[in-house]
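Below are the chains, spelled out letter by letter.
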Amino acid sequence: MRRRAVGASGLSVGRLGLGTMTWGGDVSPETARLLLRDFVAAGGDLIDTAPAYGGGRAEELIGRYMRSDLRRDDLVLATKAGFGTHGGAQSVDTSRRAMLDDLADSLRRLRTDHVDIWQVHAWGDAPLEETLAALDQAVNAGMARYAGVCNYIGWQVGTAAAWQRAVPGRARLVSGQIEYSLLARRAEVEVLPALGHHGMGLFPWSPLGRGVLTGKYRGGTPRNSRGGRDHLAWFVEPYLDTRSTAVVDAVAKAAEGLGLTTAQVALLWVRDAPGVTAPLLGARTTEQLAALLRTEGHELPEPIIAALDDITGGPHQGRVGT
């Protein structure tokens, strides 16, 4: 797998990452083990997780299999803090106390003394300087090698990144996570320019449009899909509208002409979009993961890219003039 630098930092990762949001829930422990092994065997190393994923179960599984199946040094572990279950209820708490408590718990579950990228999971009510000071403390203590943010909108990215760059010795932000796909291009308006200006990489989550860009919903909602499950239907439903259906049909047509699957075309568009470091794959089966990993030897032709840009919102400003 080809590698890319994470923004302007010295860290590099494979250009596809493995997301673990459904581990400990829809993904069984044995399937998680196989996903990890197959991903690393294909040259991948970026594993993205969070305390909120499976109530900590995803981190526990990664920690277990790092002991039995993988080497810690072969992985780039990225986890988060500030969002999860606090006091019995799910909430955002980005105070210094909550952030550092989350990190301590993550390290225990992961069975390691450090993570490679520690990320603020969401914008919170705590003073921003307090939240960012927790990142500084973790990096200075060696508990985290790099710091990033997730789900920040443009001005939030800019404010946080500028604060960290204002004083020497603060942990500069190297990455941002945001939803980004052919069905969700809003990040191009402000988030991507902010990340680029501050030398930060982008890890898009849900690059397949919450599964809709696989084409599996074209004939209805499969019972075994996320959209067919009560606890996840709300997540998929926004992309089952008429506009999204037209986009999926266009992607499927392109895939047919290229000899690829609909999911592969959708992933290739995100993977090679300007500013993207590594899309996070949310595959729930080894078959799904294998198909997505086979994109490594492919690139979309420029006319296809332009056509997909046009049908999903217009030219990508990052491509203009290139």
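Please refer to the structure placed before this passage.
First things first, this report covers the structure right here in the doc. It should be emphasised that the depicted structure is a prediction, and the values quoted were computed from it without experimental measurement.

## Quick notes on the pairing of strand E9 (residues 144-150)
Here's step 1: For E9, the buried fraction is high: five of the seven residues fall into the buried class.
Here's step 2: Sheet analysis places strand E8 (residues 115-120) next to E9, joined by five bridges and oriented parallel. Looking at the pairing, tryptophan 118 lines up with alanine 147 of E9.
Here's step 3: Looking at chain direction, E9 and strand E10 (residues 173-179) are connected through four bridges and run parallel. Note on E10: the bridge partner recorded for glycine 148 is serine 175.

## So, the packing of aromatic side chains
Here's step 1: One pass over the structure, following the stated rule, counts five aromatic pairs.
Here's step 2: Pairing tryptophan 234 with phenylalanine 235 gives two aromatic rings, centres 5.5 Å apart and planes at 70°, and the pair type is edge-to-face.
Here's step 3: Classification of phenylalanine 235 by relative accessible area gives buried; the value is 8%.
Here's step 4: Above the ring of phenylalanine 235, the side-chain terminus of arginine 210 is found at 4.5 Å from the ring centroid.

## Some remarks on helix H10 (residues 286-293)
Here's step 1: Those residues of H10 lying buried are Thr286, Leu289, Ala291, Leu292 and Leu293.
Here's step 2: Each element contacted by the buried residues of H10 is listed here: strand E3 (17-19), helix H1 (29-41), helix H9 (262-271) and strand E12 (280-281).

## Overview of the packing of helix H3 (residues 96-110) against helix H4 (residues 128-140)
Here's step 1: H4 packs onto H3 with a crossing angle of 35° between their chain directions and a minimal axis gap of 8 Å. In this structure, the crossing between H3 and H4 has a hand that is right-handed. Where H3 approaches H4, its residues Arg96, Met99, Leu100 and Leu103 are matched on the opposing element by Glu130, Thr131, Ala133, Ala134, Leu135, Gln137 and Ala138.
Here's step 2: Residue classes in the contact of H3 with H4 are distributed as seven nonpolar, two polar and two charged.

## Remarks on the nonpolar core
Here's step 1: In terms of nonpolar packing, the biggest core is built from 84 residues, with Trp23, Trp118, Tyr180 and Leu213 touching the most fellow members.
Here's step 2: Looking at which element gives the most residues to this core, the answer is H9, with seven residues.
Here's step 3: Once you skip the residues sitting within four places of it in the chain, leucine 213 turns out to touch Ser181, Leu182, Leu183, Pro207, Leu208, Val247, Val248, Val251, Thr262, Ala263 and Ala266.
Here's step 4: Counting 11 residues, the second-largest nonpolar core is a separate cluster that includes Val13, Ala78, Val174 and Leu280.

## Considering the environment of aspartate 113
Here's step 1: Assignment of secondary structure puts aspartate 113 in the loop between H3 and E8.
Here's step 2: Among the residues examined, aspartate 113 registers a relative accessible area of 58% and is labelled exposed.
Here's step 3: Residues aspartate 113 and alanine 144, spaced 31 residues apart in sequence, show a C-alpha to C-alpha distance of 8.7 Å.
Here's step 4: The contacts of aspartate 113, once residues within four sequence positions are left out, are Leu107, Gly142 and Met143.

## What to know about H1
Here's step 1: Counted at 1.5 Å a residue, the expected span for H1 with its 13 residues is 18 Å, and the 18 Å between its end C-alpha atoms agrees.
Here's step 2: Those residues of H1 that are buried are in contact with E3, strand E4 (46-48), helix H2 (57-68) and H10.

## A look at the pattern of salt bridges
Here's step 1: Using the criterion set out here, one finds 20 salt bridges in the structure.
Here's step 2: Glutamate 296 is the salt-bridge partner of arginine 15, the closest N and O atoms lying 3.2 Å from each other. Here arginine 15, found in the loop between strand E2 (12-14) and E3, pairs with glutamate 296, found in the loop between H10 and helix H11 (302-311); they are 281 residues apart in sequence, far enough to count as distant.
Here's step 3: Assessed through its relative accessible area of 3%, arginine 15 is described here as buried.
Here's step 4: For glutamate 296, a relative accessible area of 22% translates into the label partly exposed.
Here's step 5: One salt bridge in this structure joins arginine 33 and aspartate 69, with 2.8 Å as the shortest N-O distance. Linking arginine 33 in helix H1 with aspartate 69 in the loop between H2 and strand E5 (76-81), this pair joins segments that are 36 residues apart in sequence.
Here's step 6: Residue classification places arginine 33 among the partly exposed positions, given a relative accessible area of 27%.
Here's step 7: Residue aspartate 69 is classed as partly exposed on the basis of its relative accessible area of 23%.
Here's step 8: Several salt bridges converge on common partners, so that one network encompasses Arg4, Arg15, Arg271, Asp272 and Glu296.

Cut-offs applied
Residues numbered from 1 in each chain as written. Predicted model: local features only at pLDDT ≥ 70, side-chain atom pairs only at ≥ 80, totals over all residues. Heavy atoms only, no water. Buried < 20%, exposed > 50% of the residue type's maximum accessible area, 1.4 Å probe, protein only. Helix = DSSP H or I, 4+ residues; strand = E, 2+ residues; numbered from the N terminus. Pairing = 2+ DSSP bridges. Phe/Tyr/Trp six-rings, centres within 6.5 Å; stacked < 30°, edge-to-face > 60°. Lys NZ or Arg CZ within 6 Å of the ring centre and 35° of its normal. Contact = heavy atoms within 4.5 Å. Axes fitted to C-alpha atoms, helices over the stretch in contact; angles between N-to-C directions. Left-handed = near helix turned anticlockwise from the far one by under 90°. Nonpolar A, V, L, I, M, F, W, Y, C, P; charged D, E, K, R; others polar. Core = buried A, V, L, I, M, F, W, Y, C linked by side-chain atoms within 4.5 Å. Expected span 1.5 Å × (residues − 1). Salt bridge = Lys/Arg side-chain N within 4 Å of Asp/Glu carboxyl O.

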